[in-house]
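# Commentary on secondary and tertiary structure
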Amino acid sequence: SSGERARANLIISLALGELAAMRAEKTIPFRFLDEPFESIDEAGVEAIILLLNQQQEQYDTVYVITHQDHFKQLFPNKMTVVKKGGFSSLEKV
């Protein structure tokens, strides 16, 4: 199913990040996740939130990209990419 595929993609992404850090013999202080909640059921969303909270203990910053407002509400700190005059910038919400 698409939900199982999304969960597998998330785990692969996290594992590749760990592998990159080990290969570089450096700590990577941040984590980027692009739309990890898409196609995930409610139980999966809760599991991902728990995982992200655990990731925050290991990384200085965890970035989560989403276009859906109800997922944005799950995070205390938010930034929005705004495009004006052909340039993109970040705005803290």
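Up top is the structure these notes are about.
So, here is what we can say about the structure in this document. Fair warning: this is a prediction, and the values are worked out from it, not measured in the lab.

Cut-off values and rules
- Residues numbered from 1 in each chain as written.
- Predicted model: local features only at pLDDT ≥ 70, side-chain atom pairs only at ≥ 80, totals over all residues.
- Heavy atoms only, no water.
- Patch = residues over 30% accessible without salt bridge, like charges linked within 9 Å, V, L, I, M, F, W, Y side chains within 5 Å.
- Areas by Shrake-Rupley, 256 points an atom, 1.4 Å probe, with all protein chains shown as cover.
- Salt bridge = Lys/Arg side-chain N within 4 Å of Asp/Glu carboxyl O.
- Helix = DSSP H or I, 4+ residues; strand = E, 2+ residues; numbered from the N terminus.
- Buried < 20%, exposed > 50% of the residue type's maximum accessible area, 1.4 Å probe, protein only.
- Axes fitted to C-alpha atoms, helices over the stretch in contact; angles between N-to-C directions.
- Parallel < 35°, antiparallel > 145°, perpendicular 65-115°, else oblique.
- Contact = heavy atoms within 4.5 Å.
- Nonpolar A, V, L, I, M, F, W, Y, C, P; charged D, E, K, R; others polar.
- Polar contact = N/O pair within 3.5 Å; in protein donor to acceptor, adjacent residues only side chain to side chain.

## Topic: a nonpolar patch on the surface
Together, Ile12, Leu16, Leu19 and Met22 give the surface a local cluster of nonpolar side chains, amounting to about 410 Å² of exposed area. Among the secondary structure elements, Leu16 is positioned in helix α1 (residues 2–24). Classification of Leu16 by relative accessible area gives exposed; the value is 52%.

## Focus on the packing of α1 against helix α2 (residues 42–58)
At their nearest, the axes of α1 and α2 sit 12 Å apart, and the two run at 10° to each other. Judged by the angle between their axes, α1 and α2 are roughly parallel. Residues Arg7, Leu10, Leu14 and Glu18 of α1 form the contact with α2, whose participating residues are Ala43, Gly44, Ile48, Leu51, Gln55 and Gln58. Looking at the contact of α1 with α2, its residues break down into 5 nonpolar, 3 polar and 2 charged.

## Quick word on the environment of Thr66
Looking at the element boundaries, Thr66 is found in the loop between β2 (61–65) and α3 (69–72). Between the C-alpha atom of Thr66 and that of Asn77, which follows or precedes it by 11 residues, the distance is 13 Å. If near-sequence neighbours (up to four positions away) are discounted, Thr66 is found in contact with Glu35, Glu38, Phe71 and Lys72. At a separation of 3.2 Å, a polar atom in the side chain of Thr66 contacts the main-chain amide nitrogen of Gln68.

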